[in-house]
Amino acid sequence: MNNATYFICATVLLLMFVLYYLDRWNKTHNTNNRTGSGNSTGDADPTVPQGECCGKHVVCEKQKLAEARMRSAQYFDDEELDRFRGRKPDGYTDREIEEFRYVMYTMQQDEVREWMECLQARDIELPDQLKEECYSMMNGI
């Protein structure tokens, strides 16, 4: 091999090395800007991109529902449920639980998630007895 070949190989290796460290620096710099400080909390799972669900837990669904509070309320012909605004999820009577269940089972399966988001935006807690049933419907179980 001649000197030109050595020079090209060395330049390519040096360029790869520089790009690698620039990429690492950029990722670190962007992470610090998102958190607002230079300290990393270490809470996020490094294998799952931020903002995406890993698909392994019901926790992801609950987190998506929690984000619904930021959106405006949409009604599913369930205005009668507004009287439960601010009620604790363990404080419903059997008759009131059946009202929620009736509304839930009159909608399409793909609407259940939106309905849950709507309830949260309206500050209406789903009765504890229906939560797992609702999550099962959302996941098609």
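Parameters and conventions
- Residues numbered from 1 in each chain as written.
- Predicted model: local features only at pLDDT ≥ 70, side-chain atom pairs only at ≥ 80, totals over all residues.
- Heavy atoms only, no water.
- Core = buried A, V, L, I, M, F, W, Y, C linked by side-chain atoms within 4.5 Å.
- Buried < 20%, exposed > 50% of the residue type's maximum accessible area, 1.4 Å probe, protein only.
- Helix = DSSP H or I, 4+ residues; strand = E, 2+ residues; numbered from the N terminus.
- Contact = heavy atoms within 4.5 Å.
- Polar contact = N/O pair within 3.5 Å; in protein donor to acceptor, adjacent residues only side chain to side chain.

Engineer: Outline the nonpolar core, supporting the account with residue identities and numerical values.
Structural biologist: Within the largest apolar cluster, 21 residues are counted, with the highest numbers of intra-cluster contacts made by Leu81, Phe100, Val112, Trp115, Leu119, Ile124 and Leu126. If you list the elements that add at least two residues to this core, you get α3 (94-105), α4 (112-121) and α5 (128-138). Sequence-distant contacts of Leu81, defined by excluding residues within four places in its chain, comprise Glu99, Phe100, Val103, Trp115, Leu119, Arg122 and Ile124.

Engineer: Quick rundown of α4? Include the residues and the values.
Structural biologist: Where burial is concerned, most of α4 is hidden: 7 out of the 10 residues are buried. All of the buried residues along α4 are Val112, Trp115, Met116, Glu117, Cys118, Leu119 and Gln120. Two residues or fewer past α4, Asp123 is found with a positive phi of approximately 60°.

Engineer: Please provide a residue-by-residue account of the side chain of Asp78, values included.
Structural biologist: Note on placement: Asp78 falls in the loop between α2 (58-67) and α3. Reaching out from Asp78, the side chain makes a polar contact with the side chain of Trp115 at a distance of 2.8 Å. A distance of 3.0 Å separates polar atoms of two side chains, one belonging to Asp78 and the other to Arg122. Dropping the residues within four chain positions of it, Asp78 is found in contact with Val103, Trp115, Leu119 and Arg122.

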